[in-house]
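Structural description and commentary
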Amino acid sequence: MREKILQVKTFGSFSMIYDGKSLFGRKVGETQFASMMQMLIHERKKGVSRDRLEQELFGEREVENVHHALQSVIYNAKKRLEKAGLPDVNYIEIRNGVVYWNDEIKVQEDATEFDQIYNRIKHEKNPDKKIKDLEKIFEIYTGEFLVKRQSVIWVAIEARRYEDMFRECVEEAAGLYREKQNYTQLEHLGVYASNIEPFSDWEVLIMEAMVALGRYEEATDLYAETAERYFEERGLKPSKRLLDSLNQLGNQVMHSYDVLDNIQHNLEEKGIPKGAYLCSYPTFRGIYHHLARMLERSGQSIYLMLCTIVDSKGRPMKEGAMLEGLAKRLEESICTSIRNSDVVNHYSKGQYLVLLINTTREDCAVIQKRINYKFLTDRQRTGVRYYVNSVVYEKDLLDNT
């Protein structure tokens, strides 16, 4: 006869299943029963002090007799567990001021299994055995630990611990896949990690795998898509890790043999250029480096201008429903106020960077007036604050960025 086990899931979502039936039905509420079970099951080996459990369940609420209130919660929990079909035993015990889950009821908790496999990985020398255990970790870790309860201190601490271990495991597995040149698995790992932990730069693993497999165009498209998504959803510019990955990508991409006319045709900008050159941050950064180096010989004057949308009190606007529309209007105002040869980047939700080439400080002031004329309306209370710096050639600085 198959032994019945209480199966507890804490990663990604929370559930407790016994003999195929959920202890919570379809919906797990923020109940005292759920809170108590999560803590007792997760710390079942050492138990939970009664004082700590009472603090978890009742907090700062005024309870006439907190010990009696805890006994009442435990009594109701036992009735609920018995009704769910668990064997009739004393599920929750208090010994010497410590509350324990009765180990007569066998438990399989995903977090405990994660810890056991992680500890095994730390001491494993055989790379094949290690990768198998790492892949088991990835099957178990389907999201953050008790994700809906991370306002609770003990949960937040454990969630951070598991997150750190997860990242360590991803890096470990990536290294092993590289050693074996198993780039298909490296790509799968990158996809998995990106889904589990969005906006954490795991896309670099996918890009690395694509380049190694000769899928250069896909890797380039993925970079552009990732940079755009990070910016649109989080207001984040590409991290140094993503930028380094792009540079590495550029160094590794090898096109098929071709003649110069075809190469030049593919390099040419499609369509008739209209307005300033609006580009991504990595492209803007590359152009900035190139122009700064040219200054050493050309003697041109180039200015970097930052345009920041501000509210009626002159404070930078960083969030809000209005900002998207204002940013779009500012972008159009900038691009139609400067030359085709100038360069623009949407740096953050309410900021634009502009490279003004072969211009003067006085010209910068004229350009600002042009932008304001197109951007501002009679009743508009928001505005634009401008900052301007001269671009100078600094070899050491450029080589270290």
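Now for a quick tour of the structure. Computed from a predicted model, the values in this text were never measured in an experiment.

**Description of the environment of Lys318**
By the element assignment, Lys318 lies in the loop between strand S9 (302–310) and helix H13 (321–335). You can call Lys318 exposed: its relative accessible area is 62%. Residues Lys318 and Gln351 lie 33 residues apart in sequence; the distance between their C-alpha atoms is 8.9 Å. In this view, Lys318 contacts Leu323 and Lys349; residues no more than four positions away in its chain are not counted.

**Some thoughts on the packing of helix H5 (residues 127–140) against helix H6 (residues 153–179)**
Direction vectors running N to C along H5 and H6 enclose 140°, while the axes themselves pass 10 Å from each other. One element, H5, and the other, H6, form an angle in the oblique class. Two packed elements cross with a definite hand, and for H5 against H6 that hand is left-handed. Across the interface between the two elements, Pro127, Lys130, Ile131, Leu134, Glu135, Ile137 and Phe138 from H5 touch Phe166, Cys169, Val170, Glu172, Ala173, Leu176 and Tyr177 from H6. Here the residues of the contact of H5 with H6 are counted per class, giving 11 nonpolar, no polar and 3 charged.

**Re the pairing of strand S6 (residues 98–101)**
Along S6, one buried face is formed by Val98 and Tyr100 and the opposite face, lined by Val99 and Trp101, is buried too. Where strand S4 (residues 48–49) meets S6, 2 bridges bridge the pair, whose relative direction is antiparallel. Bridge pairing in S6 places Ser49 opposite Val98. Hairpin connection between strand S5 (residues 92–95) and S6: a loop of 2 residues separates the two successive antiparallel strands, and Asn96 in this loop has a positive phi of roughly 55°.

**Describing the environment of Val366**
By the element assignment, Val366 lies in helix H14 (residues 361–375). For Val366, a relative accessible area of 42% corresponds to the partly exposed category. Taking the C-alpha atoms as reference, Val366 lies 9.7 Å from Ser337; in sequence the two are 29 residues apart.

The rules behind these values
Residues numbered from 1 in each chain as written. Predicted model: local features only at pLDDT ≥ 70, side-chain atom pairs only at ≥ 80, totals over all residues. Heavy atoms only, no water. Helix = DSSP H or I, 4+ residues; strand = E, 2+ residues; numbered from the N terminus. Buried < 20%, exposed > 50% of the residue type's maximum accessible area, 1.4 Å probe, protein only. Contact = heavy atoms within 4.5 Å. Axes fitted to C-alpha atoms, helices over the stretch in contact; angles between N-to-C directions. Parallel < 35°, antiparallel > 145°, perpendicular 65-115°, else oblique. Left-handed = near helix turned anticlockwise from the far one by under 90°. Nonpolar A, V, L, I, M, F, W, Y, C, P; charged D, E, K, R; others polar. Pairing = 2+ DSSP bridges.

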